[in-house]
Structure formats: C-alpha cells, structure tokens
Amino acid sequence: MEIETLYNDALKLLKQLISTPSFSKEEDNTAELIENFLEARGVHTFSYLNNIWAKNKYFDKSKPTLLLNSHHDTVRPNKSYTLDPFIPVEKDGKLYGLGSNDAGGCLVSLIAVFIHYYHQKDLKYNLVIAATAEEEISGSNGIEALLKDEIFIAETNNSSQVAYKNWVAIVGEPTQMNMAIAEKGLLVLDCTAHGKSGHAAREEGDNAIYKALKDIEWFRTYKYDKVSDLLGPVKMSTTIIHAGNQHNVVPHECSFTVDVRVNELYCFDEIINIIRRYIDSDVQPRSLRLRSSCISLTHPLVQAGLRLGMSYYGSPTTSDKALMNFPALKLGPGDSARSHTADEYINLEEIKEGIATYIGILGEVVSYKL
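Residues numbered from 1 in each chain as written. Predicted model: local features only at pLDDT ≥ 70, side-chain atom pairs only at ≥ 80, totals over all residues. Heavy atoms only, no water.

## A few points about the overall build of the chain
Then step 1. For the chain, the helix and strand inventory stands at 9 helices and 18 strands.
Then step 2. Over its C-alpha atoms, taken along the principal directions, the chain stretches across nearly 80 × 45 × 40 Å.
Then step 3. In the chain, buried positions account for 52% of the 370 residues.
Then step 4. When the accessible surface of the chain is totalled, it reaches about 16,800 Å², and 49% of it is carbon and sulfur. (Helix = DSSP H or I, 4+ residues; strand = E, 2+ residues; numbered from the N terminus. Buried < 20%, exposed > 50% of the residue type's maximum accessible area, 1.4 Å probe, protein only. Areas by Shrake-Rupley, 256 points an atom, 1.4 Å probe, with all protein chains shown as cover.)

## Some thoughts on helix α9 (residues 348-364)
Then step 1. Helix length check: α9, at 17 residues, gives a terminal C-alpha distance of 25 Å against a target of 24 Å (1.5 Å per residue), a fit within 8%.
Then step 2. Along α9, the positions that sit buried rather than exposed are L348, E350, I351, G354, I355, Y358, I359, I361 and L362. End-on view of α9: buried residues confined to an arc of 165°, all on one side of the axis. (Expected span 1.5 Å × (residues − 1). Arc of directions from axis to C-beta.)

## Let's talk about the sheet that holds strand β13 (residues 253-262)
Then step 1. Strand order in the open sheet formed by 4 strands is β11-β13-β9-β14, with antiparallel pairing between adjacent strands. Here the strands that pair on one side only, and so sit at the sheet edges, are β11 (235-243) and β14 (282-285). For this sheet, the mean inter-axis angle between neighbouring strands, taken without regard to orientation, is 25°.
Then step 2. In this structure, strand β9 (residues 185-194) lies alongside β13, joined through 10 bridges in antiparallel fashion. Residue pairing for β13: V188 is matched across the bridge by D259.
Then step 3. Along the sheet face, helix α6 (residues 208-221) touches β9, β11 and β13 and points at about 10° away from the line of β13. (Pairing = 2+ DSSP bridges. Axes fitted to C-alpha atoms, helices over the stretch in contact; angles between N-to-C directions. Contact = heavy atoms within 4.5 Å.)

## Some thoughts on the sheet that holds strand β18 (residues 345-347)
Then step 1. Taken together, 3 strands build an open sheet; the order of strands is β4-β5-β18 and the sheet is antiparallel. The open sheet has two edge strands, β4 (89-91) and β18, and neither has a second partner. Geometrically, the sheet is characterised by an average inter-axis angle of 25° between neighbouring strands, direction not taken into account.
Then step 2. With 3 bridges joining them, strand β5 (residues 94-96) and β18 adopt antiparallel strand pairing. Opposite K94, over in β18, you have N347 as the bridge partner.
Then step 3. With respect to the sheet, helix α1 (residues 3-18) is in contact with β4, β5 and β18, its orientation differing from that of β5 by roughly 25°.
Then step 4. Sheet strands in contact with helix α3 (residues 100-117) are β5 and β18, and its direction is about 45° off that of β18.

## Considerations on empty space enclosed by the protein
Then step 1. Applying the stated rule across the entire model yields 3 cavities of 30 Å³ or more.
Then step 2. Quantified by volume, the largest cavity comes out at close to 80 Å³.
Then step 3. In this structure, the largest cavity is lined by 14 residues; those nearest its centre are L17, H72, T74, G99 and G104.
Then step 4. For the lining of the largest cavity, the secondary-structure elements that each account for two or more residues are α1 and α3.
Then step 5. At 4 residues, α3 tops the list of elements feeding residues into the lining of the largest cavity. (1 Å grid on protein atoms, 1.4 Å probe; cavity = no way out; pocket = protein on both sides within 12 Å on 5 of 7 lines; lining within 4 Å. Points joined across faces, edges and corners; volume = space filled by probe spheres on them.)

## Some points on the packing of aromatic side chains
Then step 1. Following the criterion strictly, the structure yields 17 aromatic pairs and no others.
Then step 2. Arranged with centres 4.2 Å apart and planes meeting at 10°, the rings of F46 and W53 form a pair that is stacked. Across the pair, exposure class does not vary: F46 and W53 are buried alike.
Then step 3. Relative to Y266, the ring of Y224 lies with its centre 5.5 Å away and its plane at 70°, an arrangement referred to as edge-to-face. Here Y224 is found in the loop between α6 and β11, whereas its partner Y266 is found in the loop between β13 and α7 (268-278), with 42 residues between them in sequence.
Then step 4. Taking the relative accessible area as the measure of exposure, Y224 reaches 7% and is therefore buried.
Then step 5. In this structure Y266 comes out as buried when scored by relative accessible area, which is 9%.
Then step 6. Residue placement shows K94 over the ring face of Y345; its charged tip is 5.4 Å from the ring centre. (Phe/Tyr/Trp six-rings, centres within 6.5 Å; stacked < 30°, edge-to-face > 60°. Lys NZ or Arg CZ within 6 Å of the ring centre and 35° of its normal.)

## Thoughts on the packing of α3 against α9
The geometry of a pair of packed helices is captured by two quantities: the angle between their axes and the separation between those axes.
Then step 1. Contact pair α3 / α9: the axes reach a minimum separation of 9 Å and the direction vectors enclose 45°. With respect to α9, the element α3 is oriented oblique. When you trace α3 past α9, the crossing you get is right-handed. Side by side, α3 and α9 meet where C106, S109, L110, A112, V113, H116 and Y117 of the first sit next to I351, I355, Y358, I359, L362 and G363 of the second.
Then step 2. When grouped by side-chain class, the residues that make up the contact of α3 with α9 number 10 nonpolar, 3 polar and no charged. (Parallel < 35°, antiparallel > 145°, perpendicular 65-115°, else oblique. Left-handed = near helix turned anticlockwise from the far one by under 90°. Nonpolar A, V, L, I, M, F, W, Y, C, P; charged D, E, K, R; others polar.)

## With respect to the packing of α1 against helix α2 (residues 28-39)
Then step 1. Axis separation between α1 and α2 bottoms out at 10 Å; the angle between their running directions is 160°. Of the possible angle classes, the one that applies to α1 and α2 is roughly antiparallel. Handedness of the crossing formed by α1 with α2: right-handed. Contact residues: D9, L13, Q16 and L17 in α1; T30, L33, I34 and F37 in α2.
Then step 2. Along the lines of polarity and charge, the residues of the contact of α1 with α2 split into 5 nonpolar, 2 polar and 1 charged.

Read these as layout, nothing more, since geometry by itself doesn't imply function.
Encoded structure:
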C-alpha cells in the first residue's frame, strides 16, 4: 500500500484513540477500536485481557518472528492542559491530544506497517502486531501477560517448550526514530529507618529521621564502579519521605522511597546487595521485573537501521522492552520529552516518516535471519 494511504488510515485511527479515554486498566474501549480497525481490513485478530494482537496472513512457525508492539493506555491528563485532552486538534502541522505522542503515533504507525506487509507471501520472517495495555503503570496485564497466554504461545511458537527462541521486537515508543538499543532498568526501593520514640522536649528517644538522613545522603553521593558507554552510571534518587505524626514526639520510624535507574552492567541483586552493605535502613524492592536491557549492535535488525543511516543511543527511561526475554529495539516517531506533558502533541510529518522508516527497516532486514 502507498505511504499516503497508510498514513491517512493511521491518522484516522489515532484521532479515534485520542477521543476515547484509555487510562491504564481501563483500556477496553480502545482495545475494541483497534480490533475493529484491523478486522475491517481483513486481519484476523485475537484478544487477551485488554491486549489485541494478530499475525501475518502467511505465518510460518518454521521462520523467526518479529514482534511489533506498542501500548494503547495513557496516563491521566495533568491539570495544566489548556486544550481538551480528548478532542484531537490539528494545528500548524501538529496533532494535539492525550496519547498522541505517547504512544499513539508509534502504535498507529506500527499497525500501518503490519497491514502493509500482512498479505506478503515471501517474508523471510513472521510478523506479529500487539497493541497492549498497562504500560504506563508497568502493570502485569499488558505485554507480560500476553507473552504468557497459552493461546498466544500456541499460535505463534513452534514449541511451547522453547517459546520465543527466534524472536525479536520493535517496541514503539517516541524516540524521534533513533534506535534505543539499550535502556536502564528501574528498581524502586522502599526503605525504613528504625529508631525509638520519645518526648521532643527531653533527651529521649532515638530519632529515626536522623538515621534516614544519613542513609539518604549515602544514596545521593555513592558512585558505582561500572559506568556504561550507552547508559552512563547507575542513578539513585530519593523521591518520597514520611515520618512522624506529632510535633512533640521523636519518631521511631522514617520511611523513604528511592528510584534507582540501573545500567546493563549490573543485575538487580548486585545493586541491592551493595545498598544493604552500606546503609542501616531496611530495604525492600517493590519489583524485580523492569530490568535493564540491550540489543547487540550486530543484530540484523540494528544493522538494518544502521544501513539506513539511523543513529542509536541508550535510553534512561524504561518501557515494555524490559519485560521481553528476547532482543528488542525501542524505536518510534515522536519525542519522549513531550510525553505526559500538558497539551501533548505529535507532528503529523513524524507519523508519515515513522511509517516510511518502519517499512524501510523491515524491508532492509528481509533477507537476513533474525
């Protein structure tokens, strides 16, 4: 199909998605929109929870598989919006609306590319499109749940015993169509300093706030030895603190939260062990799911992008890429700096260029084994 036709269809779908609230865990209406869009174009779809997926018409389990994935949930609009977040507005070459940039533009562009290749008989690899849920809250009922679904595994893998052995993914997130070959992992730590309560007017108690401050200062100043060429150093930021409930009582407990962005040179267990070695507060990780990930520069998908003149970098933010146990490349139209901002927008030309670039990179990799 011509780029212009694909673009017009993608733009129409994106406007419908903007007009339909799809906060995380409430994506059923946008799931139905996407399902109807694909079915109307002759694509047989499957659904699991609020995830919609499909495979190319001539899917062959003996071939490797390229997954095209992006999310259709959004954050809630912040209070600084001057436009109605649910009314798509075209102005000065931009499309305004909640989710237009993160990640609606990526999603509709990937859907357009899937439709472009859907009927081709001679693909050297399979294509699977997955529009998934709960990405914005790192929820468990999005891509993670879909990859564990028995029907998904049975329909797309040659053996459930070696599921995803020959898979690779393009994860649609706004990267200005530069290749994010690596991204930092996210480790959220709930820490608790323990003291002893007492009357603030007397020399009583053991103030837990002061103990916490000592540990917080360690988080602020500690430098990890291994610095990544792509992702830089591990970064730790204390973001929440709670203590006390009365002005004249020395608090016996102080809790604080630390956001840790981990490069690909460390596993989470290493980071946690180092932290526990140096601080006195109790440390409890919320999750070990959002690990750092990296796809090799020598991978055929990345090499295809390099031949097209695309640049690469390491991303400081996490995405559903972290939940895939096979190589994945984060790539998409739009700019992550616009994500979650008031009056969010995407340039119309970015969508058109995104579709063309996705088609180009898939075409470039067509003769290479993934």
